[in-house]
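For reference, the chains in residue letters:
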Amino acid sequence: MLQLMEQHYEDVGPAAFEADLAEKQWVIQVRDGSGELCGFSTQMLLDAVVAGRTVKALFSGDTIIDRRHWGDRALTHAGGQLAMSLLDKWIDAELYWFLISQGFRTYRFLPVFFRDFYPRYDVPTPGAIRRVIDALAIKKFGTQYDSSAGVIRTPTYRLREGLAAERSRDPHVNFFIERNPGHAQGDELCCIARLSRDNFTEAAYRVLKSK
């Protein structure tokens, strides 16, 4: 897993990687037919208090797919199954997916798989949602979180040259660049989507049903 991270990120060290891994509750691994690791995602469940109530969030940490396997649905399928299991376990909870995005490919998961998510280019982030983002980001990252910009400012490592976002015809990609102009230096945009069955898109359900 560390080797795969080093292929795609700069300044990855064993100590930082192992510290991040140690706090996580789950690791999703994807392997090819020969058993070689080609992708993984570390996951944990966060609790935070917002306006006197407790919210829960599935937080995705280190996540990477080898470039040779971009487009493969196995990792998103497994992540979706984990999210569904949490919905079944925490039936009455206010549950979110809390995602930090250093790359536009990660951010693009949101419009593909969720009907409502924030921040986004076409709808302002409601104040109530912004308070949830702030609470989760402060709980997880403390002073590393810049609430005025909605980003994590002190990155552990950053994407290698050539993987950063460039302007495109995709409004989601352009929005990501505008909201996170320091992404090439490792800044992470804080994002959330409500985890609920009615918030999943048809594309999400196709992935969940895929093998």
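Quick caveat, the model's predicted, so the values are computed rather than measured.

> I would appreciate a short explanation of the pattern of salt bridges in the present structure.
A side chain of one charge can pair with a side chain of the opposite charge when the charged atoms of the two come close. Enumeration over the complete set of coordinates arrives at 12 salt bridges. Of the charged contacts, one joins Arg108 and Asp170 as a salt bridge, the two residues approaching to 2.8 Å between their closest N and O atoms. Within this pair, whereas Arg108 is found in the loop between α4 (104–107) and α5 (109–113), its partner Asp170 is found in the loop between β8 (158–159) and α7 (171–179), the two being separated by 62 residues in sequence. The exposure class of Arg108 is partly exposed, given its relative accessible area of 24%.

> Explain the sheet that holds strand β6 (residues 145–146) to me, please; I cannot follow it from the model alone.
Each strand in a sheet pairs with another by means of backbone hydrogen bonds, the pair being arranged parallel or else antiparallel. Ordered by their spatial adjacency, 7 strands build an open sheet running β2-β3-β4-β5-β9-β7-β6, and the pairing between neighbours is mixed. The open sheet has two edge strands, β2 (26–31) and β6, and neither has a second partner. Judged from the 2 bridges that link them, strand β7 (residues 151–152) and strand β9 (residues 188–194) form a sheet pairing that is antiparallel. Bridging from a neighbouring strand, Ile152 pairs with Glu188 of β9.

> Explain helix α6 (residues 127–141) here, please?
An α-helical turn contains 3.6 residues, so any two residues separated by three or four positions project in the same direction. For α6, spanning 15 residues, the distance from its first C-alpha to its last is 20 Å, which sits close to the expected 21 Å at 1.5 Å a residue. Within α6 the residues assigned to the buried category are Ile129, Val132, Ile133, Asp134, Ala135, Leu136, Ala137, Lys140 and Phe141. Structurally, α6 contributes buried residues whose contacts are with β3 (37–50), β4 (53–65), β5 (95–101), β6, β7 and β9. The positive-phi residue at the C-terminal boundary of α6 is Gly142, with phi of around 60°.

Criteria and thresholds
Residues numbered from 1 in each chain as written. Predicted model: local features only at pLDDT ≥ 70, side-chain atom pairs only at ≥ 80, totals over all residues. Heavy atoms only, no water. Salt bridge = Lys/Arg side-chain N within 4 Å of Asp/Glu carboxyl O. Helix = DSSP H or I, 4+ residues; strand = E, 2+ residues; numbered from the N terminus. Buried < 20%, exposed > 50% of the residue type's maximum accessible area, 1.4 Å probe, protein only. Pairing = 2+ DSSP bridges. Expected span 1.5 Å × (residues − 1). Contact = heavy atoms within 4.5 Å.

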